Amino acid sequence: MTIRHVEPYTDEWLQQPVCYVRLVVELLGAEVADWWEGPCDPREATVRLADGAALVWDEESGWRLGRFVSGGSGERTELTGSRYLGGGLLPRPERVPAALADARAGVGACSAWRPCYRSHRSCHDGFDVALDFYRRLIDA
């Protein structure tokens, strides 16, 4: 298998998180009311939940849960009462539903403190390779 890096700020690079988020959305099933891609710097995606909360993923701190305040496609999402799910920047999609349940209960690895696993400015740190793994899963 060849490792392929994607050039930052190209359309392909901007779309990289979509396959990962799509897998999480599929696993959350009926809990999801809507989802969309946010802006970049850092790249972000929002998953609106049926109960009025939202999950937001970004390329620096991973997943966070909070009450949805505002946001939309291409916009930064604003939440109140955010709790970071923990489990790293790209927890396996099948682990996100359990991490969500823990965050709702205020237990497990969730925290109100924002982790910073990487900087979005670190464009050549190999993160694109990790995201590309999920694109290959979808394409397979």
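The preceding data block contains the structure.
What you are looking at is a predicted structure, and each value in this text was computed from that prediction instead of being measured. (Residues numbered from 1 in each chain as written. Predicted model: local features only at pLDDT ≥ 70, side-chain atom pairs only at ≥ 80, totals over all residues. Heavy atoms only, no water.)

Draft legend 1. Seen up close, the overall build of the chain. Scanning the chain for helices and strands turns up 3 helices and 5 strands. The order of helices and strands in the chain, counted from the N terminus, is α-β-β-β-β-β-α-α. A globule of 140 residues ought to have a C-alpha radius of gyration of about 14 Å, and the chain, at 14 Å, matches this closely. For the chain, the spread of C-alpha atoms along the three principal axes comes to 40 × 30 × 25 Å. Counting every position in the chain, which comprises 140 residues, the buried fraction comes to 46%. The contacts of the chain with a sequence gap of at least 6 include a subset with a gap of at least 24, amounting to 53%. Total accessible area on the chain is roughly 7100 Å²; 53% of this is exposed by carbon and sulfur atoms. Charge-centre separation for the chain: the mean point of 16 positive side chains lies 4 Å from the mean point of 21 negative side chains. (Helix = DSSP H or I, 4+ residues; strand = E, 2+ residues; numbered from the N terminus. Rg over C-alpha atoms; globule rule 2.2 N^0.38 Å. Buried < 20%, exposed > 50% of the residue type's maximum accessible area, 1.4 Å probe, protein only. Contact = heavy atoms within 4.5 Å. Areas by Shrake-Rupley, 256 points an atom, 1.4 Å probe, with all protein chains shown as cover. Lys, Arg positive; Asp, Glu negative; His and termini not counted. Charge placed at Lys NZ, Arg CZ, Asp CG, Glu CD.)

Draft legend 2. Structural context of the environment of S70. Inspection of the secondary structure assignment puts S70 in strand β4 (residues 62–70). Judged by relative accessible area, S70 falls into the partly exposed class, the value being 31%. When the C-alpha positions of S70 and T80 are compared, they lie 9.9 Å apart, and in sequence the two are 10 residues distant. In contact with S70, other than residues within four places in its own chain, are R76, T77 and E78.

All quantities given are derived from atomic positions and should not be read as evidence of function.
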